[in-house]
Amino acid sequence: MDIDTIAAIATAPGEAGIGIVRISGKNAIDIGNKIFRSKRVKSLKECEERKLNYGYAIDPKNEKKIDEVLVVYMKGPNTYTKEDIVEINCHGGMVPVRRILEVVLENGARIAEKGEFTKRAFLNGRIDLAQAEAIMDLISAKTDSSFDVSLNQLEGSLSREVSDMRNTLLAMLAHIEASIDFPEHDVEEITYGELESQGEEVLEKINKLLDTVYTGRILREGIKTIILGKPNVGKSSLMNAILRENRAIVTDIPGTTRDIIEEYINIKGVPLKLVDTAGIRETEDLVEKIGVDKAKGILNESDLAIAVFDTSRELEKEDLEIIELIKDKKSIILLNKTDLPIKISEDEINKLLPNKKIINTSMIKGKGLDILEETLKDMFLSSEIQIKDNTIVTNVRHRNQLLKSKENIQEALESIRIGLPIDCVEVDVKNCWENLGEITGDTVGEDIIDKIFANFCIGK
Ligand SMILES: Nc1nc2c(ncn2[C@@H]2O[C@H](COP(=O)(O)OP(=O)(O)OP(=O)(O)O)[C@@H](O)[C@H]2O)c(=O)[nH]1
Ligand SMILES: [Mg+2]
């Protein structure tokens, strides 16, 4: 294992109240000592552990002050990485953090790779792989609910379920070993019966976890919701009204929005990834045309469409095209601009789009938004998003491992049922045990570990 001392800037780049440089490894405290000066103490080592100490970071070459700092050291193994850690809090901003990092590197640390602090926490056995991935998910969470799920996973919810299943599989393997060692007829019969029920138990648990994958994706990415309609119907106005800010440009010129605009928002507990698009119409304008094509592309991969119509104008051929596009799609219809004289009736739309929720709105008057929000809540919160205390699979790698394990256990069960020799069963049970172990990192190659941590941010 790599045991050199690593360092990185732990805070986001840019101007901020404070910036933090973190050092981890066996020389961390020595390095901290070399660059920290304080009126109160001669050396960092004299200071109390886990307490912030006021002073200056200096360059030991010339004793020149770099910045005013607060420094803390923590001795392993009760730290994030299980190694000795020093954290230097300096003024936020690109220059002070970079300068302090430079002097730390000159004095014996090397720059940390992406995710290397967390990788050490994993390699040193403080957390398992699923928990390490949860940390990354916490940092990148875009919705409250996905944050909650990741926190659950960090606390070990998924790891516990995986470990329970692996224990059952180990018990199965022990049975199999016993029956190979004592191959009397009656032992074998008992073994097959018991193996079947244990295998079914594992399969059921895997299926239960796989059932959460759709919810997991929604929590991770939000319900991808496209706002669709012909030009000038009020799509961007709707986007702004939902976000309660002037995010998208609104004008009375048709074709105002050309590129897509994406934002995350939580509506009554429903995480949405809201996408405003260019109004759908035939156009000669090259830029607008690309925007229209993009909108149609996004519609295909969306979970929900909010189709907006302008009730102050008769239905036009573009509206009919929209109707055609969303006919078989989960969608909500907004009849907008109801503050103006109405030219489209709800009945007319109802005939063309039966069984769709239709809401009368006026973005100018702020009418109908509350009904829209309630509708979204009813549509998604009750049926599709059940977080509470359930373990939810949000990670694609975990899902793939579960799918592989499912195949393994199904094959094992098949062999048991048709009475194939016990060593055939053994192979599949063992594969299942290994594939599940890759989720928590108990059985996983170095290449996979490297790949996972390479997706982390620097300084974590
Ligand atoms: N009277 C009235 N005007 C509205 C309403 N909603 C939007 N508008 C106006 O309609 C015009 C177009 O609104 P946008 O939100 O830019 O429409 P859009 O669908 O995004 O248009 P494109 O981006 O061109 O496709 C603006 O002048 C809005 O102020 C409404 O409910 N009532
Ligand atoms: Mg627009």
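Residues numbered from 1 in each chain as written. Chains lettered and ligands numbered in written order. Predicted model: local features only at pLDDT ≥ 70, side-chain atom pairs only at ≥ 80, totals over all residues. Heavy atoms only, no water.

**Brief notes about the coordination of the magnesium ion (ligand 2)**
Consideration 1: Coordination of the magnesium ion (ligand 2) by the protein is provided by Ser236 (OG) and Thr257 (OG1), with metal-donor distances spanning 2.0 Å. Taken together, the residues Ser236 in helix α9 (residues 235-243) and Thr257 in the loop between α9 and β9 (261-267) connect sequence positions 21 residues apart.
Consideration 2: According to the relative accessible area criterion, Ser236 is buried, its value standing at 9%. (Donors = N, O, S within 2.8 Å, 3.2 Å for Na, K, Ca; no water. Helix = DSSP H or I, 4+ residues; strand = E, 2+ residues; numbered from the N terminus. Buried < 20%, exposed > 50% of the residue type's maximum accessible area, 1.4 Å probe, protein only.)

**Topic: the state of the cysteines**
Consideration 1: Scanning the entire structure with this criterion turns up zero disulfides.
Consideration 2: Note on Cys90: no disulfide assigned, nearest cysteine sulfur contributed by Cys457 at a separation of 17 Å.
Consideration 3: With relative accessibility at 3%, the residue Cys90 sits in the buried group. (Disulfide = S-S within 2.5 Å.)

**Some points on the nonpolar core**
Consideration 1: With 28 residues, the main nonpolar core has Leu169, Ile206, Leu402, Ile409, Val429 and Leu436 as its most contacted residues.
Consideration 2: Broken down by secondary-structure element, the contributors of at least two residues to this core are α6 (157-181), α7 (185-210), α14 (396-417) and α15 (422-440).
Consideration 3: If sequence neighbours within four positions are ignored, Ile206 has contacts with Met165, Leu402, Ser405, Lys406, Ile409 and Cys432.
Consideration 4: Counting 27 residues, the second largest nonpolar core, distinct from the first, contains Ala248, Ile306, Val308 and Phe380. (Core = buried A, V, L, I, M, F, W, Y, C linked by side-chain atoms within 4.5 Å. Contact = heavy atoms within 4.5 Å.)

**Examining the site of ligand 1**
Consideration 1: If you check the shell around ligand 1, you find 23 residues, and the closest are Lys235, Ser237, Gly255, Asp339 and Met363.
Consideration 2: Contact distances for ligand 1 include 2.9 Å between an oxygen atom and a backbone N or O atom of Asn232.
Consideration 3: The contact in question runs from an oxygen atom of ligand 1 to an N or O atom on the backbone of Thr256, over 2.8 Å.
Consideration 4: Coverage of ligand 1 by the protein amounts to 90% of the 660 Å² it exposes when considered alone.
Consideration 5: The dominant element in the shell around ligand 1, judged by the number of residues it contributes, is α9, at three residues.
Consideration 6: The class makeup of the residues in the shell around ligand 1 is eight nonpolar, eleven polar and four charged. (Near = heavy atom within 4 Å. Polar contact = N/O pair within 3.5 Å; in protein donor to acceptor, adjacent residues only side chain to side chain. Areas by Shrake-Rupley, 256 points an atom, 1.4 Å probe, with all protein chains shown as cover. Nonpolar A, V, L, I, M, F, W, Y, C, P; charged D, E, K, R; others polar.)

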